[in-house]
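Residues per chain are reported as follows:
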Amino acid sequence: MNYKKIVDSVYEIELLNADENELSEISDELGLALSLDEMKKMQEFFRGLGRNPTDLEVHAIAQGWSEHCSYKSSKPILRKYIFGIPSEHALIVMQDDAGVVEFNEDYAYVFKIESHNHPSAVEPYGGAATGVGGIIRDVLNMGAKPIALVDPLFFGPPDYSKNLNKGIKHPMFLLNGVVAGIRDYGNRVGIPTVAGMTYFHEDYMNNILVNAGCLGIVKKDKIVRSVVDRAGIKLVLVGGRTGRDGIHGVNFASKILDENSEEERQAVQLGNPILKEPLIHLVLEANESGIIYGMKDLGGGGLGSVIGEMCHAGGVGAEVHLDKVLLKEQDMAPWEIWVSESQERMLIAVEDKNMPALQSLCKKWDLEMSVIGETKPEERLVIYWHNKVILDMPLEFITAGVEYERPYSIRALRKMQELPPEPRYRELMLRLLSSFNIASKEWIIRQYDHEVQGKTVIKPLQGVVGSETHGDAAIIKPLAESWRGIAVTTVANPHIAKLDPYMGAIYTVDEAVRNLVAVGAKPSSLSDGLNFGNPEHKEIMGEFVESCRGLGEAARALGLPYVSGNVSFYNEAFGKNIPPTAVLMAIGIIKDIRKAITADFKNEGNRIYLVGKTASDMGGSEYYRVVRAQSTIAPKVNLEKTKKLSESLLNAMNQGIVKSCHDISHGGLAVAVAEMAIGGAVGAELNLENMEHMRTDFKLFSESPTRWVCEVAPEHAEKFESVVKESTAIGKVGGTSLKVRDGERWLFNIHIDTLRESWKNALKRYIG
Amino acid sequence: MLKATIIVKLKDGIDDPEGKSIKHSLNLLGFDSVVNVHVSKYYEILLDLPKDEGEREVQEMLKKLLVNPVIHEYELRVEEI
Amino acid sequence: MLKATIIVKLKDGIDDPEGKSIKHSLNLLGFDSVVNVHVSKYYEILLDLPKDEGEREVQEMLKKLLVNPVIHEYELRVEEI
Amino acid sequence: MKVAILQMEGTNCEEESYLAFQKSGFEPELIHINLLKEGMLENYDMLFIPGGFSSGDYVRAGAVFAARLKAKIWKDLVNFVNSEKPVMGVCNGFQVLIELGLLPGVDGISDEPKAALMTNDSNRFECRWVHLKKERDTVFTSHLPGRIMLPVAHAEGKFVANDKIIEQLEAQKQVVLRYVAPDGTIPNYPWNPNGSINHIAAIVNSYGNVFGIMPHPERAFFWYQHPDWSRNAREHGDGYYVFKSLFTSIFEAKNR
Ligand SMILES: Nc1ncnc2c1ncn2[C@@H]1O[C@H](COP(=O)(O)OP(=O)(O)O)[C@@H](O)[C@H]1O
Ligand SMILES: [Mg+2]
């Protein structure tokens, strides 16, 4: 590569006269991860200016154009399906770092989900912790107080015993590290982790997924935008210092994992919650006192993305003095400072007159700050290094990025379904309860402080204290003086999505609705975390397109907007791609938390109802997986029914006639009822004969959508049946065991202690 | 009986928030002369094995559980006791 | 420049849950020969002080912050670097 | 009646504590340790150290908070305690009081720790609800029923001290709350969530005005904060009665 020193640590890159080979070399040597076409576009631009770029300019452009920052492969698809679903309540949609939706007259809730997959695969503890740190910043930078965290996680099977690929760590090691990272970060900053998923599938063996979501609350008139629309506003960096951390982290997130990933150490950070915690206070206090003009957190892409996007959005430019940035390591080059992803930093735009107030807040919270530049009327970015200009470009060119209409192909589905011999029910039941995707996640849930802040009024574990079961969603009561609550849940169904990405996506939206409705909340909005393989493969791109199509259609039909989201591509390792994994963080509103419902059975003698119709599409079911039967038929969702049934169920709940409710998902009806019995520490007796006519094992284990189990007191039975149309009486609560028959034929009778043991101990063997 | 003593440290260049935070606290307490703090884990593992086998075994433990080569380096001493 | 190396250990007779838990994990991974594990904190503190003054200073740190005498004992080494 | 609630980086239960005091009739104030000055404490009727992870708990839970308080306002603290005003620490706050030597306080304030709250037997942070038995009335517990439930959320909550201290604690009836099993019998894990000696969950100093408690009364102030509210109706959360006890006794002391 041909370069010339301009000042200390800044070089001119010989780009104007570079041939194709040299262009590729430049991209490789500087670690830009740009394609030849992109390099040519850059060359053309500088030919127009008639000069060579500095290394800083080249890095700045490469970063603006990275997959992570520009969404170059996904934008066209997202625009087509995900964006623009109309909603009355959404206030800020897919614009700033997190979505903002009306909560009540005065307040809005703010939330987003994001992935931190590659860093967590390489260093689970630090990767997961920084993932949490990052998503907190996204919510904080809207001026919102973070009030809950969620953490959907995806690993290879914990009992994996074959040889591991080089550089790949065992799922058990990864699970322990990831959970510890989330725990140590989330607990220290004092934000409760109230929901999540822990999902196991062979195809995550080489490439785990660590997603994290954060929910916040803000007064509507205190919402802060990531926009500066006036010249002469000071740009202030507050919080941690800038170091070499995460350099090339953004490009790293857009690259494929291979044996050498362990060498990408710079991209790994441990996260510092004890810097973040005071930073949260500082930002909220500054916002309360009205001195923040605009704000953006430093996430993937560092200062480069932040200043560019913030000014571009407001139609102004900026002048930045990189020598003013406080450094961890003194010998950093300007380009490193510009792209550094050091955590725990915020860029706050303030007017001169408010500088003293910001300074005294920094003093109180013992945090460093430095004024690094100010906004300018012309939409240009000019960067100085010890008073010498080292970057001078129109903002448009850096931030506009590139877009690709990547070719895709959609896998044709051959529909087939084997019919396995009828199972031994008792044995199967216990096997299902101890299957990793169903078994108790208590070991994880309790390591997270899910009650700090005192607002978690429906907990992730529900029922008799000491014998709790899984709930479907947690509820936060964000305001001291209002009964209104926010329900939060996360869902994904990679098994079904792998069979049929489109149907799987619709199923996921249905499950989000099921979970929210199960606790008595009306679904309000969604954030989508889209984790996929390498989009340069047509079939993977096809999976992405089909998933988005399904997500879009389902949400549109239900009137649920996606207000924020994240795409993570290149989840490929050793030639293997992950299954399409569309994770949703879903939010519901409950007007009065006193009407919230939990999943544990309450009283002997109460009736048990199945709400919704059961179908025999067994593709992707836990039952078929356990007995190794094949089916490619994914469960079909009738979205009209999702809407109608959830409305009627919410209506019944509002009338106070539902004592407990659990949605039917993994393991089907049988597992849902078993979980309710475990949580209530009371048995139940079921007769399946009134269900639609089909094989008994399908009645018990089908995972067909839009179904719930409800407990209703006998005196409310009639009313319940008239309010909830598709309800079938299937049994009653009582005794100390779960007894099930289909007509005259008894299927099993298992003591609840036995059920609980299988369910509770399955994962324990593999963890800390 | 063997005793393996292992110190697991963060590699140079990996930011150590724990060490930094402790340094900051020490400075605030008036220990101005503290320039840097690093915190590491110190394991003592007793093994019922002959020496050479023990050493191999401990190397395996480091690999499988105690050390992530991406961020850690370690010092190891195995002695008969 | 001085470097103080401090190992803060749990006293004999005080349970070490972290050590126990690591032993458990190692046993689970098939390292049956592990009889016992102890985990301690290992601090390296750099100080800009002459040796004797530095030693006094570190003793103060131990007393004021790093050690709780009810459960801890420590080893200390101060060297010039 | 003014309560000083101390905060520093990493304390994170101050808000719910503030709310609990406020709802109980107090005038709470948050004071950051960086803004704490000598002579300030006198203006308050009570001192409260909330839970959290002060300074990350990296050295040892509560150790840095305690060391910084000691360096800054040790005299004021001693005077405050000697003036018989109540001092309370919850969770991390309890750890701070132990590290300060204000607790166990079997014979006055000690200048080095005489006990420790160390790593749970389970070696993990755990967030769960526990049953507690009241052992005696103090200004902190006079209105508390004999059996209550509160949440714990900590990684270092196992109370340990040498035999002599434990004997003295028991002899002087300084143990205020003990973990019990749901049926009132001896609690095995998880009912004793951390392995505390003698199932100790909360203690007072020998005089009875310094109170350290591992479980979080401020997180159980309202009935809807209990995990089983949809099964068992309550008028208040069990933690409410701690604040009520305090309010009543400080009020009485002031009007005596
Ligand atoms: N990694 C995790 N973090 C926090 N909560 C989790 C995690 N994994 C599972 N949970 C909680 O466990 C419960 C069961 O999860 P899951 O089995 O995914 O739900 P469902 O039964 O709705 O499919 C939920 O309350 C969920 O929030
Ligand atoms: Mg569910």
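Look up a bit, the structure's there.
Residues numbered from 1 in each chain as written. Chains lettered and ligands numbered in written order. Predicted model: local features only at pLDDT ≥ 70, side-chain atom pairs only at ≥ 80, totals over all residues. Heavy atoms only, no water.

Novice: Which residues make up the site of ligand 1, and what values do they have?
Specialist: All names here are of chain A. Within the structure, ligand 1 sits among 18 residues, and Asp151, Ala195, Gly196, Thr198 and Gly471 are positioned closest to it. Glycine 196 has a polar backbone atom sitting 3.0 Å from an oxygen atom of ligand 1. Residue asparagine 515 places a side-chain N or O atom 3.5 Å away from an oxygen atom belonging to ligand 1. Elements with a minimum of two residues in the shell around ligand 1: β6 (145-155), β7 (193-200), α16 (442-445) and α18 (501-518). Taken together, the residues of the shell around ligand 1 break down into 7 nonpolar, 7 polar and 4 charged. (Near = heavy atom within 4 Å. Polar contact = N/O pair within 3.5 Å; in protein donor to acceptor, adjacent residues only side chain to side chain. Helix = DSSP H or I, 4+ residues; strand = E, 2+ residues; numbered from the N terminus. Nonpolar A, V, L, I, M, F, W, Y, C, P; charged D, E, K, R; others polar.)

Novice: Please set out the nonpolar core residue by residue, giving values where relevant.
Specialist: By size, the foremost hydrophobic cluster in this structure holds 177 residues, and its most contacted members are Phe720 of chain A, Ile45 of chain C together with Leu69 and Phe159 of chain D. Per element, the largest residue contribution to this core is 11 residues, and it comes from α18 of chain A. Setting aside residues up to four positions removed in sequence, isoleucine 45 of chain C forms contacts with Leu26, Val34, Asn36 and Val37 of chain B together with Leu2, Lys3, Ala4, Ile6, Met61 and Leu66 of chain C. Counting residues in hydrophobic clusters, the runner-up holds 61 residues, among them Val218, Val283, Phe436 and Ile767 of chain A. (Core = buried A, V, L, I, M, F, W, Y, C linked by side-chain atoms within 4.5 Å. Buried < 20%, exposed > 50% of the residue type's maximum accessible area, 1.4 Å probe, protein only. Contact = heavy atoms within 4.5 Å.)

Novice: Got a sec to walk through the sheet that holds strand β6 (residues 126-134) of chain D? Specific residues and values, please.
Specialist: Residue and element names in this part refer to chain D. With mixed pairing, 9 strands are arranged side by side in an open sheet as β2-β1-β3-β4-β11-β10-β9-β6-β7. The open sheet terminates on both sides in strands that have one partner only, identified here as β2 (27-32) and β7 (147-154). Across the sheet, the mean angle separating the axes of adjacent strands is 25 degrees when strand polarity is ignored. Sheet topology places strand β10 (residues 200-204) next to strand β11 (residues 210-213); 3 bridges connect them, and they run antiparallel. Counterpart to isoleucine 203 in the pairing with β11 is glycine 212. Where helix α2 (residues 63-82) meets the sheet, its contacts fall on β1 (2-7), β3 (46-49), β4 (87-90) and β11, and the angle it forms with β3 comes to roughly 160 degrees. (Pairing = 2+ DSSP bridges. Axes fitted to C-alpha atoms, helices over the stretch in contact; angles between N-to-C directions.)

Novice: Tell me about the sheet that holds strand β25 (residues 581-590) of chain A, and please be specific about residues and values.
Specialist: Residues and elements named next belong to chain A. Spatial ordering of the open sheet is given by β16-β19-β20-β25-β21-β22, a layout of 6 strands whose pairing is mixed. The outermost strands of the open sheet, each flanked by one partner alone, are β16 (456-458) and β22 (562-568). In this sheet, neighbouring strand axes are inclined to one another by 25 degrees on average, regardless of whether the strands run parallel or antiparallel. Two elements, strand β20 (residues 485-491) and β25, share 7 bridges in a ladder whose sense is antiparallel. Among the inter-strand pairings, isoleucine 486 is bridged to a residue of β25, identified as isoleucine 589. In the packing of α18 onto the sheet, contacts are made with β20, β21 (522-531), β22 and β25, and the angle to β20 comes to roughly 145 degrees.

Novice: Pulling in residues and values, what's your account of the coordination of the magnesium ion (ligand 2)?
Specialist: Residue and element names in this part refer to chain A. Each protein donor to the magnesium ion (ligand 2) is listed here as Asp472 (OD), Asn515 (OD1) and Asp663 (OD); together their distances run 2.1 to 2.3 Å. Here the donor residues of the magnesium ion (ligand 2) are spaced in sequence according to D-x42-N-x147-D. Separated by 191 residues along the polypeptide, aspartate 472 in the loop between β18 (469-470) and β19 (474-476) and aspartate 663 in strand β27 (residues 660-663) bring together distant segments of the chain. Overall, aspartate 663 belongs to the buried group, its relative accessible area being 2%. (Donors = N, O, S within 2.8 Å, 3.2 Å for Na, K, Ca; no water.)

Novice: Just give me the short version of a nonpolar patch on the surface, but keep the residues and values in it.
Specialist: A cluster of nonpolar residues, Met1 and Ile81 of chain B together with Val35 of chain C, forms a patch on the protein surface that exposes about 270 Å² of accessible area. Along the chain, methionine 1 of chain B falls in the segment before β1 (2-10). Judged by its relative accessible area of 42%, methionine 1 of chain B is partly exposed. (Patch = residues over 30% accessible without salt bridge, like charges linked within 9 Å, V, L, I, M, F, W, Y side chains within 5 Å. Areas by Shrake-Rupley, 256 points an atom, 1.4 Å probe, with all protein chains shown as cover. Salt bridge = Lys/Arg side-chain N within 4 Å of Asp/Glu carboxyl O.)

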